[in-house]
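One-letter residues, chain by chain:
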Amino acid sequence: MSLLAGLLTSCGSEESGPVTLNWYNFPDDSGALASAANNCTRASGGRYRIAYNKLPRGADGQRQQLVRRLAAEDNTMDILGLDVTWAAEFAEAKWILPWTGSNRSNATAGTLAVPLQTATWKGKLYAVPYNTNTQLLWYRSDLVPKPPKTWAEMLAMARALAKQGKPHFVEIQGAQYEGLTVWFNTLVESAGGSILNRTATAPSLGPPAVQAATIMRNLARSPAGDPSLSNQMEDQNRLAMESGSAAFELNYPFVYPSMKANKPGLFKSFRWAPYPAVDPGRPSKPTIGGIDLAIGAYSRHPDLAFEAALCLRNRPNQMTAALEGGLPPTLRSLYSDKTFVKSYPFSAEVLSALENASTRPQTPAYQNVSIAISHTLSPPSGISPRSDVDEIGSQIKDALESKGLIP
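Predicted model, so just to flag it, every value in this text is computed and none were measured.

What counts, and where the lines are drawn
Residues numbered from 1 in each chain as written. Predicted model: local features only at pLDDT ≥ 70, side-chain atom pairs only at ≥ 80, totals over all residues. Heavy atoms only, no water. Pairing = 2+ DSSP bridges. Helix = DSSP H or I, 4+ residues; strand = E, 2+ residues; numbered from the N terminus. Axes fitted to C-alpha atoms, helices over the stretch in contact; angles between N-to-C directions. Contact = heavy atoms within 4.5 Å. Parallel < 35°, antiparallel > 145°, perpendicular 65-115°, else oblique. Left-handed = near helix turned anticlockwise from the far one by under 90°. Nonpolar A, V, L, I, M, F, W, Y, C, P; charged D, E, K, R; others polar. Expected span 1.5 Å × (residues − 1). Buried < 20%, exposed > 50% of the residue type's maximum accessible area, 1.4 Å probe, protein only. Salt bridge = Lys/Arg side-chain N within 4 Å of Asp/Glu carboxyl O. 1 Å grid on protein atoms, 1.4 Å probe; cavity = no way out; pocket = protein on both sides within 12 Å on 5 of 7 lines; lining within 4 Å. Points joined across faces, edges and corners; volume = space filled by probe spheres on them. Core = buried A, V, L, I, M, F, W, Y, C linked by side-chain atoms within 4.5 Å. pLDDT = per-residue confidence, 0-100.

On to the sheet that holds strand β10 (residues 270-273). What holds strands together in a sheet is hydrogen bonding between their backbones, with the strands either parallel or antiparallel. Strand order in this open sheet of 4 strands is β8-β9-β7-β10, and the pairing throughout is mixed. The two strands at the open ends of the sheet, each matched to only one other strand, are β8 (169-171) and β10. With direction set aside, neighbouring strand axes in the sheet form an average angle of 20°. Relative to strand β9 (residues 246-251), strand β7 (residues 136-140) runs antiparallel, the two sharing 4 bridges. Residue pairing across strands places L136 opposite N251, the latter belonging to β9. The sheet contacts of helix α11 (residues 255-262) involve β7, β9 and β10, and relative to β10 the element is tilted by about 170°.

Laid out in structure tokens, this is it:
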């Protein structure tokens, strides 16, 4: 009943005033998204107003709500905040519109290349990157004066610290969820491989995947492995680092302001460095995250929706999202902005990581691919590299050959 009332109110407002464009995105506690919606409403000169609709907090819940409403051809779905793994699925289902002509030119101008890859499917751009994210290596300089450059070096440092009775854990996402898939994907890509072939029609994997799985198992079975590794997600990693029990943490930039606010003593020695490489001489390729803005295929006002989406991710709004919401921007020019650099002292490392980053496997069957990986490799201490990689390949093959979309 409340949904019907909302729709009737929306229709009534369109008859007597500006068009209402509904923007569905993740819930933002910082106010940055609401601010962007208000800014663009004012900038429209009365032609439209943007209503920011909060999706559920979890990615699964967000996707489920969008999928159900788009499958029902809901014409109030105007601007959609998509996780970077959803563009292929939504495009294949014809739920979102491609960006063409001047809209595409404006979307790509000055935008980092790898975030654009997350919004591209079969050579067409289906969304505009709103924000991005990438992991760095965070470490304690009072324990480790010089950060490790490779995984082997980091594990050796952790073992040495353990022998001295000092904090030594390497905090990373080891729970059975998307974060475990991201860890594996980053290692595979950093080893020179990929999970899928170039056409996303078959698994690739091979020796780089075996090498990646071996590193994960070695960490879990070494002194570097936190006893809670198999249950840890990003926030548990943050809390463990702040507790003082760890020397290293692979995580996103949100940990920096948290450490500064919560543990000012430890913050004095809290440093950052590039994500460790798998092989010396081969740069790491951390897997990026973020949100892309797509236009619903059933929107009654697609032209205005494209215009509004470009406004929502313009330079001022990305700056606000970065400074207030902790969301790294997708516009290259912001990484040399003095205000941004002052708040993001690690901006150069973030930009470098983004320029060398990898994306998660791009396929409409991504949800099944991710589940195959995270379930097979959990817990990390139980990994059998060769047989588990073979099992992942078999499950991915089945997922790619399945008919229809994931429910």
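Now for the packing of helix α2 (residues 32-43) against helix α13 (residues 302-312). Contact geometry for α2 and α13: axes closest at 9 Å, N-to-C directions at 125°. In terms of orientation, α2 and α13 fall into the oblique class. The crossing of α2 and α13 is right-handed. Each of A36, A37 and C40 in α2 lies in contact with α13, whose residues at this interface are A308, C311 and L312. Class assignment of the residues belonging to the contact of α2 with α13 gives a composition of 6 nonpolar, no polar and no charged.

Residues lying three or four places apart along an α-helix face the same way, a consequence of the helix completing one turn every 3.6 residues. Taking 1.5 Å per residue as the helical rise, helix α9 (residues 207-221) with its 15 residues ought to reach 21 Å, and the 21 Å between its terminal C-alpha atoms agrees with that figure. All of the buried residues along α9 are P208, A209, V210, A212, A213, I215, M216, L219 and A220.

Right, let's get into the pattern of salt bridges. Per the stated rule, a full pass over the model turns up 14 salt bridges. Residues E307 and R47 are paired through a salt bridge, measuring 2.2 Å at the closest nitrogen-oxygen approach. Remark: R47 occurs in the loop between α2 and β2 (48-54) and E307 occurs in helix α13; sequence separation between them is 260 residues. Given a relative accessible area of 31%, E307 falls into the partly exposed group.

Take empty space enclosed by the protein next. Per the stated rule, a full pass over the model turns up 1 cavity of 30 Å³ or more. Considered as a void within the structure, the largest cavity measures approximately 80 Å³ in volume. Lining the largest cavity are V84, T85, A87, A88, T118, T120, I288, T359, R360, P361, Q362 and T363. Its residues placed into classes, the lining of the largest cavity shows 5 nonpolar, 6 polar and 1 charged.

W23, L66, I79, F90, W99 and L293 are the most contacted members of the largest nonpolar core, which totals 51 residues. No other element matches the 8 residues that α13 contributes to this core. Dropping the residues within four chain positions of it, W23 is found in contact with L33, A37, I50, A51, Y52, N53, I79, Y130, L293 and L312. Ranked by size, the runner-up nonpolar core spans 44 residues in total, among them V144, V188, I195 and L229.

For the rest of this paragraph, the subject is unusual backbone geometry. With an omega dihedral of -5°, the bond running from S378 to P379 counts as a cis peptide bond. Relative to the helices and strands, P379 resides in the loop between α17 (366-376) and α18 (385-401). In this structure, K94 is a non-glycine residue whose phi angle is positive, near 60°.

By secondary structure assignment, the location of L33 is in helix α2. Distance from L33 to V389, taken between C-alpha atoms, is 40 Å for residues 356 residues apart in sequence. Residues in contact with L33, not counting those within four places in the same chain, are W23, N25, F26, D28, Y52 and Y130.

Bringing the environment of V210 into the picture now. Topologically, V210 is positioned in helix α9. Placed 100 residues apart in sequence, V210 and L310 show a C-alpha to C-alpha distance of 42 Å. Setting aside residues no more than four positions away along its own chain, V210 makes contact with P385, R386 and V389.

What the 5 strands build is an open sheet, ordered β2-β1-β3-β11-β6; its pairing is mixed. Only two strands of the sheet have a single neighbouring strand rather than two, namely β2 and β6 (128-133). Mean inter-strand twist for the sheet, computed between neighbouring axes without regard to direction, equals 20°. Bridge analysis of β6 against strand β11 (residues 289-295) gives 5 bridges, and the strand direction is antiparallel. The residue of β11 that forms the bridge with V128 is L293. Its contacts with the sheet place α2 against β1 (19-25), β2 and β6, and it is angled at close to 165° to β2.

Burial runs high along β9: 6 of the 6 residues are buried. Here 3 bridges tie β8 to β9, and the two strands are oriented parallel to one another. Residue pairing for β9: E171 is matched across the bridge by E249.

This part is about the confidence of the model for the protein chain. With 95% of its residues at a pLDDT of 70 or more, the protein chain shows a mean pLDDT of 94. Contacts from residues 1-15, a stretch scored under 50 in pLDDT, to residues over four places away or in other chains number 11 contacts. In the model, residues 403-407 has pLDDT below 50 throughout and makes 11 contacts with residues more than four positions away in sequence or in other chains.

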